[in-house]
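For reference, the chains in residue letters:
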Amino acid sequence: MEHVLLTEQRYVPLEKIKSMHRQALENPEKFWGEMAKCVEWDKSWDVVLEWDPPFARWYVGGLLNICYNCVDRHINGNNRNKAALIWEGENGTSRTLTFYELYREVNKFASVLLNLGVEKGDRVAIYMPMIPQAVISMLACTRIGAIHTVVFSGFSAEALEDRINDSRAKVVITSDIMYRRGKRISLKSTVDRAVRECPSVNYVVVVKRGHDSEDIRMVNDRDYFWDELMSGASRYVEPERVESTHPSFILYTSGTTGKPKGVVHSTGGYLVYATKTMEWTWGINPRDVFWCTADIGWITGHTYVVYGPLSLGTTTVIYEGAPDYPSPDRFWDIIEKHGITVFYTAPTAIRMLMKYGSEWVKKHDISTLRLLGTVGEPMNPEAWKWYYEVIGDKRCPVCDCYWQTETGGHLIYPPVGVQLLPLKPGSVTFPGIGIDADIVDEQSNSLPPNKKGLLVVRNPWPGMLMTLWNDEERYKAYWSRVPGTYCTMDYAIKDEDGYIWILGRADEVLNVAGHRIGTAEIEHVLVAHPAVSEAAVVGKQDEIKGETPVAFVVLKEGYAPTEELKSGLIHHVKATMGPIATPSILFVVESLPKTRSGKIMRRVLKAVASGKEPGDITTIEDEGSIEEIERAYEEFKGKL
Ligand code: WTA
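Please read all numbers here as calculations on a predicted model, not as lab measurements.

Peer 1: What should I look at first to understand the packing of helix H12 (residues 347–356) against helix H14 (residues 381–391) in this one?
Peer 2: At a minimum axis distance of 10 Å, the contact between H12 and H14 shows a crossing angle of 70 degrees. By the angle class used here, H12 and H14 are roughly perpendicular. Residue-level inspection shows Ile350, Arg351, Leu353 and Met354 of H12 in contact with H14, the latter providing Glu382, Ala383, Trp386 and Tyr387. Taken together, the residues of the contact of H12 with H14 break down into six nonpolar, no polar and two charged.

Here it is as structure tokens:
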């Protein structure tokens, strides 16, 4: 594999990282106690770590407030008038909020929430586009100790309803509409449909993003416009000092069953890990303008759009629209306009923009960039090279960061902020500082170089999830899959130099354009349709999105496999779950290939979906012998 050595001077030994890593593993309490000084505590902790596997409690006894750390502490210092948040609208309008302005808005909105009866520990759902009020809402929640649950604005009413009901949110914050590629999408009407069956919701707060909000249907005594509430709000709300182990937020993510998992993050451990990984990955300096393109609906939008940058007093940029709207140079235009120095995006976006060609990049001066990042999916070397050469002008290291909703922050990544390593395109490099990661077999034995296995972590770290909301039993599964370790459920290999390469999920979770989608969730939606008796969904490789869902359905008696029904089923998934879960192909079949014990042979379906032989498909499921699978494959293919 090709090494990319960024100029000789910058090619440095790994001693500094190694020694930090060693200290963290040898004496985690001392190391992480020292690290926790990156944030301000109202009361110091009594114990750095209480480890009662699989439950970890960090900085026990400590009191702090996330919002105070992200906002107030900066207005007391030199950053008072520095840009905290730069918002770029889809249509090119932008708005900058200094730390002081952000402080004022957050305080007022925290007062609004208190006036609506939200108390410490209550849940608040946020279903919003990428506008400043979304960030203000998140910070206002943490200011009063309320637990936010952000739901991606591309999710459907049903998905929103499930999340609101699972978390029993009292308030939903949304906007009248959002813009997507010039189109107006009504979010408020989706919320209306969602909350019909949500008894916990007392209020809906609506930001006016459109100009003609008079048309919006507001429900008396339940719905209020943001601006109206803000005009009557107090100017200051004392930040609630919460316990380090108080949940800061719940973020739902997909697993292998039809029910999404509510990942619960802590306050102290999460903030320390977000802040330190922000520093270690990007080596943030006061002049940086940091742009992470993730939506706040995902963990990347929590840790590296909001909490990590703001905790460090870094200017963070948010963009409302699509990467290629109104033209394919929208990203490069934004980098030039705001002088972005660190740019962090997903391989899907790179692959898409690469297709439009380098001419679109050349139209802009993007020389302010010093560092590039990617996250969410394996990065193919071709896209890596384009990113490095065309966007980074062969000057900017490309940091491929591996992590998960559950891990709170980067897990395997090049710590450029500490020391620059020689990079290898497609590898996520080494386990992060303090992360005892390994590639193992099912019995937790370390595997030799270049042998594929499960990526696990052997020790707790401050950013790890505390539990799953309402589902402690399911949480325990993370630590019992491979005995004594946190199992990521990703396959990986370590090469002879110790570099880690992520190979993709080892379970039935898809990665569509960097978004996690459980195949079981899509199957669940399909079988809820009156025409469907059985359904199976698998992933198919896609040049741009990495993977797309492919559905196989068996119809009930009396239904004919017409084109109309097929597109109706695809539409049904789109309407129920949202566009990202929409199958790219749907096959109607007489029966699904099954083992003698009745398990669906997913390997057969994957082979059919991707035009490969079943022997080329990797799986950890025990589905019978390969001969049996091949026979089933031939038979199944013959009937399609
Ligand atoms: C995948 C996103 C390869 C992986 C932060 C993981 C990656 C899942 C990378 C988590 C990467 C994330 N290279 N694969 N750099 N980063 N993944 O929870 O399969 O939305 O388990 O968190 O994305 O997705 P999640």
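Moving on from the coordinates now.
Peer 1: Could you clarify how one ought to interpret the packing of aromatic side chains in this entry?
Peer 2: Under the defined criterion, the tally for this structure stands at 41 aromatic pairs. An angle of 25 degrees between the planes, with centres 5.8 Å apart, marks the rings of tyrosine 100 and tyrosine 103 as stacked. Here the residue tyrosine 100 and the residue tyrosine 103 both occupy positions in helix H4 (residues 99–115), the gap between them amounting to three residues, near one helical turn. When its relative accessible area of 28% is taken as the criterion, tyrosine 100 is described as partly exposed. Here a set of aromatic residues connected by ring pairs shows up, and it is made of Phe31, Trp32, Trp41, Trp45, Trp58, Tyr59, Tyr273 and Trp280. Over the ring of phenylalanine 155 we find arginine 163, and its NZ or CZ is 4.6 Å from the ring centre.

Peer 1: Mind showing me how you'd approach the domain arrangement of the protein here?
Peer 2: Interface size is often expressed as the accessible area that is lost when the parts come together. Here the protein is partitioned into domain 1 (12–321 + 401–433 + 463–483) and domain 2 (507–636). The distance between the C-alpha centroids of domain 1 and domain 2 comes to 34 Å. Listed per partner, the contact involves 20 residues of domain 1 and 16 residues of domain 2. Around 1,200 Å² of area is buried between domain 1 and domain 2 when both sides are counted, 52% of it from carbon and sulfur atoms. Inspection of the domain 1/domain 2 interface yields one salt bridge. The partner of arginine 516 in a salt bridge is glutamate 406, with the nearest N and O atoms 3.0 Å apart. At the surface where domain 1 touches domain 2, the tally comes to eight residue pairs in polar contact (both at pLDDT 80 or more).

Peer 1: Honestly, the pattern of salt bridges in this entry has me stumped. Any pointers?
Peer 2: Once their charged atoms are close, side chains differing in charge can pair, the charge on each being opposite to the other. Taken as a whole and judged by the stated rule, the model has 38 salt bridges. Residue aspartate 46 is joined to lysine 43 by a salt bridge in which the shortest nitrogen-to-oxygen separation is 3.5 Å. In this structure aspartate 46 comes out as exposed when scored by relative accessible area, which is 59%. Assessed through its relative accessible area of 34%, lysine 43 is described here as partly exposed. Salt-bridge contacts for arginine 222 lead to aspartate 192; the nearest nitrogen and oxygen are separated by 2.8 Å. Placement of arginine 222 in the loop between strand S11 (203–207) and strand S12 (223–225) and of aspartate 192 in helix H7 (residues 187–195) is noted, with a sequence separation of 30 residues between them. For the pair formed by arginine 222 and aspartate 192, the shared burial category is buried. A cluster of three or more residues bridged by salt bridges with shared partners is formed by Lys188, Asp192, Arg217, Arg222 and Asp223.

Peer 1: What exactly am I supposed to notice about the packing of H4 against helix H5 (residues 132–144) here?
Peer 2: The description of two helices packed together rests on the angle between their axes and the distance between the axes. At their nearest, the axes of H4 and H5 sit 8 Å apart, and the two run at 65 degrees to each other. The element H4 and its partner H5 pack so that their crossing is right-handed. Along its contact with H4, which presents Leu102, Tyr103, Glu105, Val106, Asn107, Phe109, Ala110, Leu113 and Leu114, the element H5 presents Ile136, Ser137, Leu139, Ala140, Cys141, Arg143 and Ile144. Its residues assigned to classes, the contact of H4 with H5 shows twelve nonpolar, two polar and two charged.

Peer 1: What should I look at first to understand the sheet that holds strand S24 (residues 486–494) in this one?
Peer 2: Either a parallel or an antiparallel arrangement is found when strands of a sheet pair, and the pairing is made through backbone hydrogen bonds. Pairing is antiparallel in the open sheet, where four strands are placed in the order S21-S22-S24-S25. The two strands at the open ends of the sheet, each matched to only one other strand, are strand S21 (437–440) and strand S25 (500–505). With direction set aside, neighbouring strand axes in the sheet form an average angle of 45 degrees. Taken together, the four bridges between strand S22 (residues 453–457) and S24 define a ladder with antiparallel strand orientation. The residue of S24 that forms the bridge with leucine 454 is tyrosine 491.

Peer 1: Explanation requested: the UniProt feature "domain: Acetyl-coenzyme A synthetase N-terminal" (unreviewed entry) in the protein in the structure shown.
Peer 2: In the numbering used here, UniProt assigns the "domain: Acetyl-coenzyme A synthetase N-terminal" (unreviewed entry) feature to residues 18–70. From the first C-alpha to the last, residues 18–70 spans 30 Å; its make-up is 42% helix and 26% strand.

Peer 1: Looking at this structure, how should I read helix H19 (residues 626–639)?
Peer 2: For an α-helix the count is 3.6 residues per turn, leaving residues at separations of three or four pointing the same way. Taking 1.5 Å per residue, 14 residues should reach 20 Å; H19 reaches 20 Å between its end C-alpha atoms and fits that length. Within H19, the full set of buried residues consists of Glu628, Ile629, Ala632, Tyr633 and Phe636. Across the axial projection of H19, the buried residues extend over an arc of 135 degrees, all falling on one side. Projecting away from the buried face of H19 at angles above 90 degrees are the exposed residues Glu627, Arg631, Glu635 and Gly638.

Cut-offs used in this document
Residues numbered from 1 in each chain as written. Predicted model: local features only at pLDDT ≥ 70, side-chain atom pairs only at ≥ 80, totals over all residues. Heavy atoms only, no water. Axes fitted to C-alpha atoms, helices over the stretch in contact; angles between N-to-C directions. Helix = DSSP H or I, 4+ residues; strand = E, 2+ residues; numbered from the N terminus. Parallel < 35°, antiparallel > 145°, perpendicular 65-115°, else oblique. Contact = heavy atoms within 4.5 Å. Nonpolar A, V, L, I, M, F, W, Y, C, P; charged D, E, K, R; others polar. Phe/Tyr/Trp six-rings, centres within 6.5 Å; stacked < 30°, edge-to-face > 60°. Buried < 20%, exposed > 50% of the residue type's maximum accessible area, 1.4 Å probe, protein only. Lys NZ or Arg CZ within 6 Å of the ring centre and 35° of its normal. Domains from an automatic or database assignment. Buried area = accessible area lost by both parts, 1.4 Å probe. Salt bridge = Lys/Arg side-chain N within 4 Å of Asp/Glu carboxyl O. Polar contact = N/O pair within 3.5 Å; in protein donor to acceptor, adjacent residues only side chain to side chain. Left-handed = near helix turned anticlockwise from the far one by under 90°. Pairing = 2+ DSSP bridges. UniProt positions renumbered as here; feature names shortened; annotations may be inferred. Expected span 1.5 Å × (residues − 1). Arc of directions from axis to C-beta.

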